[in-house]
Amino acid sequence: YLRKKRDLALFIVSLLFCWIYIPHIAMYLISNNKPLIRQDLVQLSNKINIRINNFLILLYLLHNDPYFRTVFYHRIGAIPAFFISWWRPGCRYFTISKTTIIDGGILYSHPFSTIINAVSIGKNFSFRHLTTLGNKGSNANRPTIGDNVTLGASVTIIGKIRIGNNVVIGAGSVVTKSIQDNCVSVGNPARV
C-alpha cells in the first residue's frame, strides 16, 4: 500500500517536471534504437510493477532512475548523449562502454559500481551490482554474452570468451573461460 502511494507520488512529480525531458524525448523519437528502448521499458515496468504506456514509463524512469538514464544515453548514442546528459546525468558509478552492443530488454538491480565493457550482449540481459565485464590486455579481448543471461551480484567476466544463451552465473563468480548454452555456473573460478 505504501509503495503504491510512493510510486504514485513519484509519477506525479515526473509529470510535473516533464518539460525537463523535452531533449530526451526528442532524442528518443529520432533514435534508431527506439525498439530496444521500448524493450527495456517493458522489462523495467514489469520489474517495478507499473502498468502505464511506454511514453509515461519513459518519463517516470528518466526522472526517477539515474541507472535508466545511463542505459538510455548508451542507446541514443555518444554524440546525442554528450549534448543532453549534462542536463540530467546518469549514474557515474554505472559505466557502459560506447562500443558495447546491447540488445533490448536489459534488466538491472541497483547496478552500483558496475562496468559493462563487452563486444556484444544479447536480449534480456539481467545483472546486479558490482558486475564487471571487461577486457584482458587489449580492448579486442572482451567477452560476448548471449541471450537470456542472468548474472548475480559481484560477477566478473574477463577476456575473449563467450557466454552462451540461457546461462545463469551465480553471485561472486569469476568467469575466465567460455560457458555453453543452458548452463548454471558458479564459483571462483566459475564452474558449470
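Rules of the game
Residues numbered from 1 in each chain as written. Predicted model: local features only at pLDDT ≥ 70, side-chain atom pairs only at ≥ 80, totals over all residues. Heavy atoms only, no water. Core = buried A, V, L, I, M, F, W, Y, C linked by side-chain atoms within 4.5 Å. Buried < 20%, exposed > 50% of the residue type's maximum accessible area, 1.4 Å probe, protein only. Helix = DSSP H or I, 4+ residues; strand = E, 2+ residues; numbered from the N terminus. Contact = heavy atoms within 4.5 Å. Pairing = 2+ DSSP bridges.

Asks: Would you explain the nonpolar core in this entry?
Replies: One recurring pattern in soluble globular proteins is that nonpolar side chains are buried together. In this structure, Phe125, Ile157 and Ile163 are the most contacted members of the largest nonpolar core, which totals 48 residues. If you list the elements that add at least two residues to this core, you get helix H2 (22-30), helix H3 (34-48), helix H4 (54-64), helix H5 (66-76), helix H6 (78-84) and strand E1 (94-96). Not counting residues up to four positions away in its chain, the partners in contact with Phe125 are Gly105, Ile106, Leu107, Ile116, Leu133, Ile145, Val149 and Leu151.

Asks: Mind showing me how you'd approach the sheet that holds strand E2 (residues 101-102) here?
Replies: By way of backbone hydrogen bonds, the strands of a sheet pair with one another, either parallel or antiparallel. In spatial order, the strands read E2-E5-E8-E11; together these four strands make up an open sheet with parallel pairing. This sheet does not close on itself; its edge strands, each paired only once, are E2 and strand E11 (162-163). Relative to E11, strand E8 (residues 144-145) runs parallel, the two being bridged by two bridges. Bridge pairing links Ile145 to Ile163 in E11.

Asks: What exactly am I supposed to notice about unusual backbone geometry here?
Replies: Only a minority of non-glycine residues have a phi that is not negative, and only a minority of peptide bonds are not trans. Omega for the bond connecting Asn188 with Pro189 falls within 30 degrees of zero, at 0°, which places this linkage in the cis form. Position of Pro189 among the secondary structure elements: in the segment after strand E14 (184-185). Phi at Asn124 is positive, roughly 55°, even though this residue is not glycine. Examined against the element boundaries, Asn124 turns out to sit in the loop between strand E5 (120-121) and strand E6 (126-128). A relative accessible area of 31% means that Asn124 is categorised as partly exposed. Even without being glycine, Asn166 reaches a positive phi, approximately 60°. With respect to the helices and strands, Asn166 occurs in the loop between E11 and strand E12 (168-169). For Asn166, a relative accessible area of 36% gives the class partly exposed.

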